[in-house]
Amino acid sequence: MVQLTPLALFKNLSDETRLNIILLLREMGEVCVCNLCNLLNQSQPKISRHLGMLRESGLLLGRKQGKWVHYRLSPQIPTWAAQVIEQAWLSEQETIQSLAHVQRGKSSTGCGVSVC
């Protein structure tokens, strides 16, 4: 496991796409790559690149299910980092919950987006 430093966390959170991924995962638990593409209106290669960076830093875990990969926040995130993420989520809670609500309505089981 990579030792997460404050500098690494803030570098990851300084990018809007990565920050939104983290906040959506905080809100939704586990999310498929294709659903993140849909939610953030970004291409699969771009989202996958950002997910790779977050995974390498130790912030995310991925689980392969068929042809899809589902990501979630790592339970091994240090407490101080989890508190930073929680505060960021609280400051954007309404926006993130609105995005998550739209996605929950579209896909309740499996992956509901055709980009996978």
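Could you clarify how one ought to interpret the packing of aromatic side chains in this entry?
To describe a pair of aromatic rings, you give the distance between the ring centres and the angle between the ring planes. One pass over the structure, following the stated rule, counts 0 aromatic pairs. A cation over an aromatic ring shows up here: Arg 26 above the ring of Trp 89, its NZ or CZ 3.6 Å from the ring centre.

For this particular structure, what's the right way to read the side chain of Glu 27?
Tracing the backbone through its elements, the reader meets Glu 27 in helix H2 (residues 16–28). At a separation of 3.1 Å, a polar atom in the side chain of Glu 27 contacts the side chain of Trp 89.

Sorry, what's going on with the pattern of salt bridges here?
For side chains bearing opposite charge, pairing can occur when the charged atoms are close. Using the criterion set out here, one finds 2 salt bridges in the structure. Residue Glu 86 pairs with Arg 26 through a salt bridge whose shortest N-O separation is 2.7 Å. Within this pair, whereas Glu 86 is found in helix H5 (residues 79–91), its partner Arg 26 is found in helix H2, the two being separated by 60 residues in sequence. Note on Arg 26: relative accessible area 25%, which makes it partly exposed. Between Arg 63 and Glu 30 there is a salt bridge, and its shortest N-O distance comes to 2.4 Å. Of this pair, Arg 63 sits in strand E2 (residues 60–65) while Glu 30 sits in strand E1 (residues 30–32); the two residues are 33 residues apart in sequence, bridging distant segments of the chain. A relative accessible area of 32% places Glu 30 in the partly exposed class.

Calculation notes
- Residue indices follow the written sequence of each chain, beginning from 1 at its first position.
- Two thresholds apply to this predicted model, a pLDDT of at least 70 for residue-level local features and 80 or more for giving and counting side-chain atom pairs, whereas whole-chain, interface and lining totals are computed over all residues.
- Working from all heavy atoms in the structure, the side-chain values ignore hydrogens and water.
- Here a Phe, Tyr or Trp ring, Trp counted by its six-membered ring, pairs with any other such ring whose centre lies within 6.5 Å, and the pair is stacked when the planes are under 30 degrees apart, edge-to-face when over 60, and tilted otherwise.
- We call a charge positioned over a ring when the NZ of a Lys or the CZ of an Arg lies within 6 Å of the ring centre and within 35 degrees of the ring normal.
- Strands are runs of DSSP state E lasting at least 2 residues, helices are runs of H or I lasting at least 4, and numbering of each runs from the N terminus.
- For the purposes of these results, a polar contact is taken to be a pair of N or O atoms within 3.5 Å, where, inside protein, one atom must be able to donate a hydrogen and its partner to accept one; residues adjacent in sequence count only when each atom of the pair is a side-chain atom.
- The rule for a salt bridge is simple: a side-chain nitrogen of Lys or Arg has to be within 4 Å of a carboxyl oxygen of Asp or Glu.
- For every residue, the accessible area obtained with a 1.4 Å probe (protein chains only) is divided by the maximum for its type, and the residue is called buried under 20%, exposed over 50%, and partly exposed between those limits.

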